[in-house]
Amino acid sequence: MKTVINIVLAITLLGVINVHAQTCNENLAPTTPSERFLDNDDGTVSDKYTGLIWMRCALGQTWDGVTCSGEAVEYSWQQALQTADGYNYADSSAWRVPDRKQLHSIAERSCFDPAINIDLFPQTYADSYWTASPYDNATVANPYDFVWHVGFYSGSVNRSSRVNDVNYVRLVRPGGDDEDGDGIADEIDNCPSLANADQLNTDGDSLGNECDSDDDNDGIPDAEDPYPLEVRAVTLTISGLAQIENGTITPTQPQIINQGEQIVYTVIADSGYFPHISGCDGSLIGTEFTIDTVADDCDITLSFKLPTAPLNDTGIERCGNYDSFGVGCPQADFPGQDAEYSERALSFTKICNSGEEAGEGSCPTNPSLGSGANEWACTLDNVTGLMWEVKTDDGGLRDKDNTYSWYNSDSNINGGDAGSENGGTCPDIGNCDTEKYASSVNAVGLCGYNDWRLPVFSELLNTLVLQVQLIDAPHMPTIDIGGFPETVPGPYWSASPFASDYSRAWQVNFSRGSDSSYSKSYSGYVRMVRSGND
């Protein structure tokens with residue numbers, strides 16, 4: 001059953017009461033939890049996930065220390081870019097109109113009207129906000145007249161006329177220096193000199209594990225400690241389990257089993273957290289961590305983390321003016337466009353089905369695509385740390401043309417509707433839905449791992465490369481085909497239910513870079529992901 005919560009805020013501004021209603025689905029975990037952000041006490045917040053710094057108020061509004069007062073102002077695209085150019089606020093003039101991926105990253109997928117965390121961004125209108133990203137698609141009647149915007153009623157993207165339309169504006173800036181290049185700004189990085197994008201901090205002090213000489217704060221330096229992470233909240237042993245934070249594992253009592261016996265633990269993460277569990281040659285599928293044929297005493301390591309991942313570049317390399325979008329940068333009358341800012345370049349590593357990286361062990365330096373042990377089966381995104389399934393064109397389990405309906409039997413995360421079983425077309429007869437496909441991929445141990453899952457919306461969205469929408473190749477998929485070959489230019493399922501209609505879920509369309517919600521009974525494409533080699 002779908003359960004929603006209506007949130008009403010009443011704020012007194014100059015004697016006028018503005019009432020703002022928002023609807024949230026309590027069956028969905030927040031995608032932009034407040035703990036992901038740092039309040040800078042100056043009308044801005046820092047996003048620990050992306051390292052970006054955001055204005056809490058839209059242009060035209062004023063931060064009064066509690067909320068955003070006044071009315072937001074609508075701008076044409078050119079006016080928005082010109083206003084952002086050199087805009088000074090909170091001791092910085094590095095503000096700019098966000099690109100599409102950046103603005104999309106703060107959309108709250110568990111709420112709508114508006115689809116944003118209103119504790120962080122109060123008085124946000126459920127309306128359209130400009131991005132700096134042109135809509136470069138030759139299949140539209142006038143391909144050079146459009147720019148992407150994000151609609152904060154539901155958090156979806158669409159296009160607006162750069163000449164005729166006006167939208168609201170929220171500015172963003174980079175998070176300052178990043179000495180170690182891990183995507184976390186030095187000012188909020190718990191190890192600013194050593195790369196640690198996950199910000200793992202076992203003992204909760206000011207130092208992350210990467211630069212902390214005593215990770216468990218037991219007074220014994222890690223170099224001398226046989227159990228440097230022996231804080232019972234994160235290190236589990238079969239002979240003595242302990243309670244942990246931000247989630248649970250059961251059973252928690254010491255378990256004594258015979259050699260060769262199987263044991264299954266149930267792992268449940270708190271809202272917004274993801275489990276990272278390993279040890280004893282176990283595998284995690286859904287909420288079950290299964291250990292087969294235990295031969296000796298062994299340790300289970302478990303932690304629950306908030307997701308942290310930098311945003312990939314949009315791939316847009318061209319700028320636009322009144323006449324065209326196929327021009328160089330910068331353009332004096334249209335300053336601060338997406339292509340002028342070099343974000344993190346796309347970087348991928350090929351992974352053989354054996355689990356070895358290209359050039360390691362028996363995996364060739366440039367492995368061929370396929371399903372053999374020494375053939376390319378997965379791609380590691382070196383920017384985000386995520387590992388992705390690579391599709392094939394062989395008619396098998398991972399064939400690019402296979403389709404699946406959306407199905408998730410876990411009522412904790414399916415938004416109140418499990419979806420439709422076996423509604424796609426695939427060679428694995430009877431298993432053509434997203435949940436069963438994940439189980440099938442885990443059963444074969446793709447690239448040596450058994451923790452593959454359907455990506456959440458933000459992860460799938462971050463694989464988009466928008467520049468490939470070219471006049472001479474309008475049907476190329478909007479993704480880097482060097483890292484993701486055999487990608488069909490069509491809609492791919494995410495694991496994220498749609499907040500305002502529990503019978504639908506989010507998809508990303510790789511034919512034009514758009515996104516939308518579809519009925520869970522719809523037959524769509526699927527690409528599995530796992531959380532890298534944490």
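This write-up is about the structure you can find in this document.

Conventions we followed
Residues numbered from 1 in each chain as written. Predicted model: local features only at pLDDT ≥ 70, side-chain atom pairs only at ≥ 80, totals over all residues. Heavy atoms only, no water. Buried < 20%, exposed > 50% of the residue type's maximum accessible area, 1.4 Å probe, protein only. Helix = DSSP H or I, 4+ residues; strand = E, 2+ residues; numbered from the N terminus. Contact = heavy atoms within 4.5 Å. Polar contact = N/O pair within 3.5 Å; in protein donor to acceptor, adjacent residues only side chain to side chain. Pairing = 2+ DSSP bridges. Axes fitted to C-alpha atoms, helices over the stretch in contact; angles between N-to-C directions.

A closer look at helix α3 (residues 434-443)
1) Next: Counting buried residues in α3 gives 7 out of 10 residues, a clear majority hidden from the surface.
2) Next: All buried positions along α3 are accounted for by Thr434, Lys436, Tyr437, Ala438, Ser440, Val441 and Asn442.
3) Next: Where α3 is buried, its residues touch β17 (283-285), β22 (387-389) and β23 (491-497).
4) Next: A side-chain oxygen of the first residue of α3 lies 3.2 Å from the backbone nitrogen of Glu435; this N-cap is Asp433.
5) Next: Of the residues trailing α3, Gly445 is marked for its positive phi of about 65 degrees.

Overview of the environment of Cys363
1) Next: One can find Cys363 in the loop between β20 (348-352) and β21 (376-381).
2) Next: Between the C-alpha atom of Cys363 and that of Asn374, which follows or precedes it by 11 residues, the distance is 5.0 Å.
3) Next: Beyond its immediate sequence surroundings of up to four residues, Cys363 is in contact with Cys352, Glu356, Glu357, Ala358 and Asn374.

As for the pairing of β21
1) Next: With 6 of its 6 residues buried, β21 lies for the most part within the structure.
2) Next: Two elements, β20 and β21, share 5 bridges in a ladder whose sense is antiparallel. Looking at β21, one finds that Phe348 is bridged to Asp381.

Description of the sheet that holds β23
1) Next: Taken in spatial order, the 3 strands of this open sheet run β23-β24-β25, and their pairing is antiparallel. This sheet does not close on itself; its edge strands, each paired only once, are β23 and β25 (514-519). Across the sheet, the mean angle from the axis of one strand to that of its neighbour is 35 degrees, orientation sign disregarded.
2) Next: Bridge analysis of β23 against strand β24 (residues 504-509) gives 4 bridges, and the strand direction is antiparallel. When the bridges of β24 are listed, Pro497 appears paired with Ala505.

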